[in-house]
Amino acid sequence: QGPTGAKGDTGDTGATGAQGPTGDTGATGAQGPTGAQGPTGDTGATGAQGPTGATGAQGPTGDTGATGAQGPTGAQGPTGAKGDTGDTGATGAQGPTGPAGSDGIDGAVGPQGPAGPQGPTGATGSQGPTGATGPAGDPATDDQTLSIAGDQLSISGGNTITVPTADGTETIVTAGNDISVTGNGSSATPYIIANTRPNIFYPPSIAVDASSTGTGRTINLHTQYTAQFGSPMVASNLAPGAIPTYANTELYYYVTYYDNTVFDNVSVDEFGVMTYDVIATPTDYNSLINVVFVVK
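Residues numbered from 1 in each chain as written. Predicted model: local features only at pLDDT ≥ 70, side-chain atom pairs only at ≥ 80, totals over all residues. Heavy atoms only, no water.

**With respect to the overall build of the protein chain**
Then, number 1: Within the protein chain, the secondary structure is distributed over two helices and eleven strands.
Then, number 2: Each helix and strand of the protein chain, placed in order from N terminus to C terminus, yields the pattern α-β-β-β-β-β-β-β-α-β-β-β-β.
Then, number 3: Expressed as a percentage of the 296 residues in the protein chain, the buried residues total 10%.
Then, number 4: A total accessible area of about 25,800 Å² is found for the protein chain, and carbon and sulfur atoms account for 52% of it. (Helix = DSSP H or I, 4+ residues; strand = E, 2+ residues; numbered from the N terminus. Buried < 20%, exposed > 50% of the residue type's maximum accessible area, 1.4 Å probe, protein only. Areas by Shrake-Rupley, 256 points an atom, 1.4 Å probe, with all protein chains shown as cover.)

**Describing the sheet that holds strand β11 (residues 289–295)**
Then, number 1: Read across the open sheet, the three strands follow the order β6-β11-β8; overall the sheet is antiparallel. Of all the strands in the sheet, the pair left with one neighbour each is β6 (200–201) and β8 (251–258).
Then, number 2: Taken together, the seven bridges between β8 and β11 define a ladder with antiparallel strand orientation. Considered in β11, the bridge of Y252 is made with V294. (Pairing = 2+ DSSP bridges.)

**Considering the nonpolar core**
Then, number 1: Residues L251, F263, Y276 and F293 are the most contacted members of the largest nonpolar core, which totals 17 residues.
Then, number 2: When residues of this core are traced back to their parent elements, those giving at least two are α2 (221–230), β8, β9 (263–268), β10 (273–278) and β11.
Then, number 3: In this view, L251 contacts F201, H222, Y225, Y246, E270, F293, V294, V295 and K296; residues no more than four positions away in its chain are not counted. (Core = buried A, V, L, I, M, F, W, Y, C linked by side-chain atoms within 4.5 Å. Contact = heavy atoms within 4.5 Å.)

**Remarks on α2**
Then, number 1: Regarding α2, the residues found buried are L221, H222, Y225 and F229. The arc that holds the buried residues of α2, viewed along the axis, is 95°, so those residues lie on one side.
Then, number 2: On its buried face, α2 is in contact with β6, β7 (214–220), β8, β9, β10 and β11.
Then, number 3: The opening residue of α2, the one whose side-chain oxygen lies 3.2 Å from the backbone nitrogen of H222, is N220. (Arc of directions from axis to C-beta. Polar contact = N/O pair within 3.5 Å; in protein donor to acceptor, adjacent residues only side chain to side chain.)

**Details of the sheet that holds β7**
Then, number 1: Reading across the sheet, the three strands line up as β7-β10-β9 and stay open at both edges, with antiparallel pairing between neighbours. The open sheet has two free edges, formed respectively by β7 and β9, since each of these has just one partner strand. Sheet twist, expressed as the average angle between the axes of neighbouring strands with direction ignored, equals 20°.
Then, number 2: Judged from the four bridges that link them, β9 and β10 form a sheet pairing that is antiparallel. (Axes fitted to C-alpha atoms, helices over the stretch in contact; angles between N-to-C directions.)

**Observations regarding the packing of aromatic side chains**
Then, number 1: Inspection of every chain in the model, using the stated rule, returns seven aromatic pairs.
Then, number 2: Here F201 and F293 contribute two aromatic rings whose centre-to-centre distance is 5.6 Å and whose plane-to-plane angle is 85°, an arrangement assigned as edge-to-face. One end of the pair, F201, is in strand β6; the other, F293, is in strand β11, with 92 residues separating them in the sequence.
Then, number 3: Judged by its relative accessible area of 17%, F201 is buried.
Then, number 4: On the numbers, 5.4 Å between centres and 85° between planes, the contact of Y225 with F293 is edge-to-face. A residue pair is termed long-range when its members are at least 10 positions apart, and Y225 in helix α2 and F293 in strand β11 qualify at 68 residues. (Phe/Tyr/Trp six-rings, centres within 6.5 Å; stacked < 30°, edge-to-face > 60°.)

**Considerations on the side chain of D277**
Then, number 1: Take D277: it is sitting in strand β10.
Then, number 2: Here D277 is buried and forms no salt bridge, its nearest opposite-charge partner R217 lying at an N-O distance of 7.5 Å.
Then, number 3: Side chain to side chain, D277 and N265 meet in a polar contact 2.6 Å long.
Then, number 4: Contacts of D277, omitting those with residues within four sequence positions, involve G214, T215, G216, V262, F263, D264 and N265. (Lys, Arg positive; Asp, Glu negative; His and termini not counted. Salt bridge = Lys/Arg side-chain N within 4 Å of Asp/Glu carboxyl O.)

**Describing the environment of R217**
Then, number 1: Structurally, the position occupied by R217 is in strand β7.
Then, number 2: Through-space distance from the C-alpha of R217 to that of D277 is 6.1 Å; in sequence the pair is 60 residues apart.
Then, number 3: For R217, the residues in contact, after removing those within four places along its chain, are D209, S212, M274, T275, Y276 and V278.
Then, number 4: Engagement of the side chain of R217 in a polar contact is seen with the backbone oxygen of D209, the distance being 3.3 Å.

**A word on unusual backbone geometry**
Then, number 1: We note that L238 has phi near 70°; this positive angle belongs to a residue other than glycine.
Then, number 2: Considering the arrangement of structural elements, one finds L238 in the loop between α2 and β8.

Right under this line is the structure:
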């Protein structure tokens, strides 16, 4: 190995390395001695006054003092104002009736009044006695034999009469209260007897939503009516399962009452569709619309 060369120049200082981790905390040192007490501080401000205490119990009542001597009588005061007039006394008993006066002179007799209406017809008198029986007829000339074939009535001796054929017009049907009669009884125009009293009934109850306001709302009253009549919830024993109903064109529809504080612009068309506005909700969660159906 050759000889060691001369020491080269000192190189530049290298960059600072990263900081190492922090070492453990050393143990706590012993507590130092207590320092001398400082001077007394200034007096603090006076605190707010506390609440007033409760009132103590009342002491016993002292003895009543002696009655003083009566003072002299005062001078008489002035006369007071006149009082109101008293109520009127009760009416006295009625005195005796005086003697009757003498009768006046009778007036002249007035003219005779008009004849009154004729009285009702008197009852029918009893039937008179039966008259004597007449002489017996001649069997050879008075007895006749009748026979009928179709509308021909024959009498012995060759005489005949024609009996009209009954066609219904000979039967008289008269109209009465709430009953109308049309036709003349013939086969061409038979009698038609009709009840003229309107057939009126109330449809079943339904719920109308008025929990909020709104306009142009509709309810099909006829549909509600046929739905309930077509499938009643309860029926009596042996009753049919459905109640007969009318078509919507066979009825007139009426709204006889509605609460105008809740509903407005109420109308119903010829098919039973009711249109209405709800202008306010009911204050007691209850309101009414009354509907009537009339059969045409």
